[in-house]
Amino acid sequence: MVNVNDYLHGSDNEAFEQAIAARGRDGIVLVPPRENPDGRTHWLLDRAILLPANTTVILQNAALKLSDRCRDNFFRSANCGIGIEFPERMENIHIRGEGFCLLAGADHPRASGDGSKLLHVPCPHMPEDICRYADWVPEERRSPDKLDFWDIHDHSYGTDAGNPGQSQYGDWRGIGILLANVENFSVSNLRIKESHGWGISLEACANGRVEKIDFAATMYKEIDGMRMNMENQDGIDVRNGCHHIIISDITGYTGDDVIALTAIANPNYLPGGSMRTTHVMHNDWTKREKDIHDIIIRNVIAHSYLCFTIRLLPALTKIYNVVIDGVIDTAPVPEATGGTLLLGDGGGYGENERDSMRNVTISNVVCHSSRAVIVDGYLTDSVITNVVNRNPKCPVLSVGRPDGLKNVATANLVTCGENA
């Protein structure tokens, strides 16, 4: 094994790169707190740490922070990046924290959000600041009672705004940990704070675990005395082609969905390695698996600031063999969130096929959002049991289509609370 501090002769990124290149047969790279006479103990990154196959990074009470110069991930599998259209299969990548380990976003992110969000500075989040500083809102609507949802959420903070040499939209570089086409992987025992986009994204990954992850993101960040809007701060996104993965012991709060299984087989996706997309894999669905299957999600105590605790979204594809067990939605104010569990959608991301979700087992869920369990797609051959809804203003289970459920057993679905 090697210690990153032993290679700290130049920049922090160079120390990581040299340590990874020098790792031994065990593949282990130790990351303790930074040791340097300048007194800074956290590691400051200007670019992503690229992880080759057969690499285990062990953080030991360490903190990693993105610098204001960084428009990149914390960690990324080394097989993907700008201009790499076909990321090759890799094996054995592990990121493990020991003690308290933190990944924190930049003080002034260069970009945030996804490819549909235009960068802007300032990018106010609060209605009164939007009315004063959001030049995209027409003058006649600049009052808090006239603003709509997209007045806030069409734009996202980024100091690259207005720079003609840089993309004016968010993309996959804003994802905290990005693994693509990786077999046998794990990510564990980390706190991810104020990520520039999603916290963790898995594309076409298999046989892995994501566990003991704590999130801290609210869809905005206090910057220079103002709450700036930062979009698409999901926790964990599992994308097309992922299978045989366990996600467990997830805590905290996120701006967007806490955990999302998003199998969207859009034929018009940009090629792998493109900008203005959250994908790095290629979009030739004849050459890669597009479904998501054999996933276990358990022991989740968390909430989303705006969206859902757990979302299953198949569009033009399928999600099957999923177990969701042990979820406590910790939303402090139910009306401010989208819901606890969302299965499918109304078609906004592409067609929900009639067999798009099957063999889904949902059990032991406590809901405290504006909606509890929502089936907006088609769910078949599944079980929903032991769900407690703490918001009496909504039903425990709502189904958006007349034929949305087929061979679905339900039991012990209850609403309780002071006003129930």
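Just above sits the structure.
All values derive from a computational prediction rather than experimental measurement.

Some remarks on the sheet that holds strand β7 (residues 75–77)
- As summarised here, the arrangement of the 10 strands in space is β4-β7-β12-β14-β18-β20-β22-β24-β26-β28, forming an open sheet in which the pairing is parallel. A strand with exactly one partner marks an edge of an open sheet, and here the two such strands are β4 (49–51) and β28 (397–399). Each neighbouring strand pair of the sheet contributes to a mean axis angle of 15°, computed without reference to strand direction.

A few points about the nonpolar core
- Formed by 77 residues in total, the largest nonpolar core has its most connected members in L59, L64 and F75.
- Beyond its immediate sequence surroundings of up to four residues, F75 is in contact with I49, L51, V57, L59, L64, I95, L103, G176, I177 and L178.
- Formed by 13 residues, the second largest nonpolar core is a distinct cluster that contains A134, V137, I223 and M228.

Quick notes on empty space enclosed by the protein
- In the structure shown here, the tally under the stated rule is 3 cavities of 30 Å³ or more.
- Approximately 50 Å³ is the volume attributed to the largest cavity.
- As for the largest cavity, its lining consists of R71, D72, A111, S112, G113, G170, D171, R173, G174 and H196.
- When its residues are assigned to classes, the lining of the largest cavity shows 1 nonpolar, 5 polar and 4 charged.

Digging into the pairing of strand β20 (residues 259–264)
- With 6 of 6 residues buried, β20 lies mostly within the body of the structure.
- Across the two faces of β20 the burial is the same, with I259, L261 and A263 and A260, T262 and I264 all buried.
- In the sheet, β20 pairs with strand β22 (residues 308–315) via 6 bridges, with the strands oriented parallel. Across the sheet, the residue bridging to I264 is A315, located in β22.

Reading the values: rules and limits
Residues numbered from 1 in each chain as written. Predicted model: local features only at pLDDT ≥ 70, side-chain atom pairs only at ≥ 80, totals over all residues. Heavy atoms only, no water. Pairing = 2+ DSSP bridges. Helix = DSSP H or I, 4+ residues; strand = E, 2+ residues; numbered from the N terminus. Axes fitted to C-alpha atoms, helices over the stretch in contact; angles between N-to-C directions. Core = buried A, V, L, I, M, F, W, Y, C linked by side-chain atoms within 4.5 Å. Buried < 20%, exposed > 50% of the residue type's maximum accessible area, 1.4 Å probe, protein only. Contact = heavy atoms within 4.5 Å. 1 Å grid on protein atoms, 1.4 Å probe; cavity = no way out; pocket = protein on both sides within 12 Å on 5 of 7 lines; lining within 4 Å. Points joined across faces, edges and corners; volume = space filled by probe spheres on them. Nonpolar A, V, L, I, M, F, W, Y, C, P; charged D, E, K, R; others polar.

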